[in-house]
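In case you want the letters, here they are:
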Amino acid sequence: MLKIWGRTNSVNVKKALWCAEELGLKYERIDAGLQFGVVNSPEYRKLNPNGLVPTIEDHGYLLWESHAIVRYLAAKHGAGRLWPLDLRQRADADRWMDWAFTFQAAFRPVFWGLIRTPPGKRDAAAIEEGCRKAADLLAILDAALAGRKYVAGDAFTMGDIPIGCHVQLWMRLPIERPSQPQLEAWFERLLERAPYRKVVDIPIS
Ligand SMILES: N[C@@H](CCC(=O)N[C@@H](CS)C(=O)NCC(=O)O)C(=O)O
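Predicted model only: the values in this text are computed from it and were never measured. Throughout, residues of each chain are indexed from 1 in the direction in which the sequence is written. Two thresholds apply to this predicted model, a pLDDT of at least 70 for residue-level local features and 80 or more for giving and counting side-chain atom pairs, whereas whole-chain, interface and lining totals are computed over all residues. For the side-chain quantities, the full set of heavy atoms in the structure was used; hydrogens and water were omitted.

## Some points on the sheet that holds strand β4 (residues 61-64)
Two modes of strand pairing occur in sheets, parallel and antiparallel, and in both the strands are linked by backbone hydrogen bonds. Strand order in the open sheet formed by 4 strands is β2-β1-β3-β4, and the pairing between neighbours is mixed. For this open sheet the edge positions go to β2 (27-30) and β4, each flanked by a neighbour on one side alone. With strand direction ignored, the average angle separating the axes of adjacent strands in the sheet is 20 degrees. Two strands form a pair only when DSSP identifies at least two bridges running between them. Helix and strand definitions follow DSSP, with helices as H or I runs of at least four residues and strands as E runs of at least two, each counted in order from the N terminus. Alignment of strand β1 (residues 2-5) against strand β3 (residues 55-58), held across 3 bridges, turns out to be antiparallel. Bridge assignment links Trp5 to a residue of β3, and that residue is Thr55. It only takes one pair of heavy atoms within 4.5 Å for two residues to be counted as in contact. The axes are straight lines fitted to the C-alpha atoms, using for helices just the contacting stretch, and the angles between their N-to-C directions are given from 0 to 180°. Along the sheet face, helix α1 (residues 11-22) touches β1 and β2 and points at about 155 degrees away from the line of β1. Its contacts with the sheet put helix α3 (residues 66-77) on β1, β3 and β4, and the angle it makes with β4 is roughly 135 degrees.

Shown next, in the form of structure tokens:
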């Protein structure tokens, strides 16, 4: 059976879990990272020398890097659905997957500042700047979503998965957000999906 190492509140682990859920895969999840430790043990470092989550093992095949995991699972089990067969549609999906790391870098000070830093130690200026940069980037996605339901067209694909995990945090954190109607409508469409509600839209911690 597919094994997925990683704590459920990690945004990168959520990407692997959401993809597996969308594909209807059976998997075993093993807690690892932050309070669970595990990632610095010699045994885990043999699976993933970075000491990060997620990592998967699929019948003896080891893979780390969340977006590579999403691509692998989508290609293996979701050809013509999560994994677009049309080259340009797949490139579109790939584009938004890679872009999600650009968004993650800009947004990280906001998430870490508000959720993983005690109130007395927060850097308000860094949080504010992160919010501004994140909103500016999301304006690009908001515009791209005009006239399409999902990031790579009218069908849900792997391209929606990484950025969909980051946008859940953006939408649920107690921050001011500019009105971005296409982005909000897309988030509502993601919320209609049971796998998204199950593993992504969970309380933030
Ligand atoms: N680029 C990697 C980044 C992985 C990463 O930074 N994972 C974080 C969780 S989101 C982690 O392992 N942090 C250390 C920990 O949880 O102990 C990926 O996408 O898989």
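## A closer look at the packing of aromatic side chains
Between the rings of Phe, Tyr and Trp (Trp by its six-membered ring), a pair exists once the centres lie within 6.5 Å; its type follows the angle of the planes, with under 30 degrees stacked, over 60 edge-to-face, and the other angles tilted. Evaluated as defined, the whole model comprises 9 aromatic pairs. Taking 5.1 Å as the distance between ring centres and 40 degrees as the angle between the ring planes, the aromatic pair formed by Tyr61 and Tyr72 counts as tilted. Of this pair, Tyr61 sits in strand β4 while Tyr72 sits in helix α3, and the two are 11 residues apart along the sequence. Since its relative accessible area comes to 39%, Tyr61 is described here as partly exposed. Each residue is placed in one exposure class: buried if its accessible area under a 1.4 Å probe, protein chains only, is under 20% of its type's maximum, exposed if it is over 50%, and partly exposed if it falls in between. For Tyr72, a relative accessible area of 23% corresponds to the partly exposed category. Arranged with centres 6.2 Å apart and planes meeting at 80 degrees, the rings of Phe187 and Tyr196 form a pair that is edge-to-face. In terms of burial, Phe187 and Tyr196 fall into one category: buried. Site record: aromatic cluster; members linked through ring pairs are Trp18, Tyr150, Phe156, Phe187 and Tyr196. Look at NZ for Lys and CZ for Arg. If either is within 6 Å of the ring centre and within 35 degrees of the ring normal, a charge sits over the ring. In this structure, Arg116 packs its charged tip against the face of Trp112, placed 5.1 Å from the ring centre. Directly above the ring of Tyr150 sits Arg189, whose terminal nitrogen or CZ lies 5.9 Å from the centroid.

All we've got here are geometric facts, nothing functional implied.
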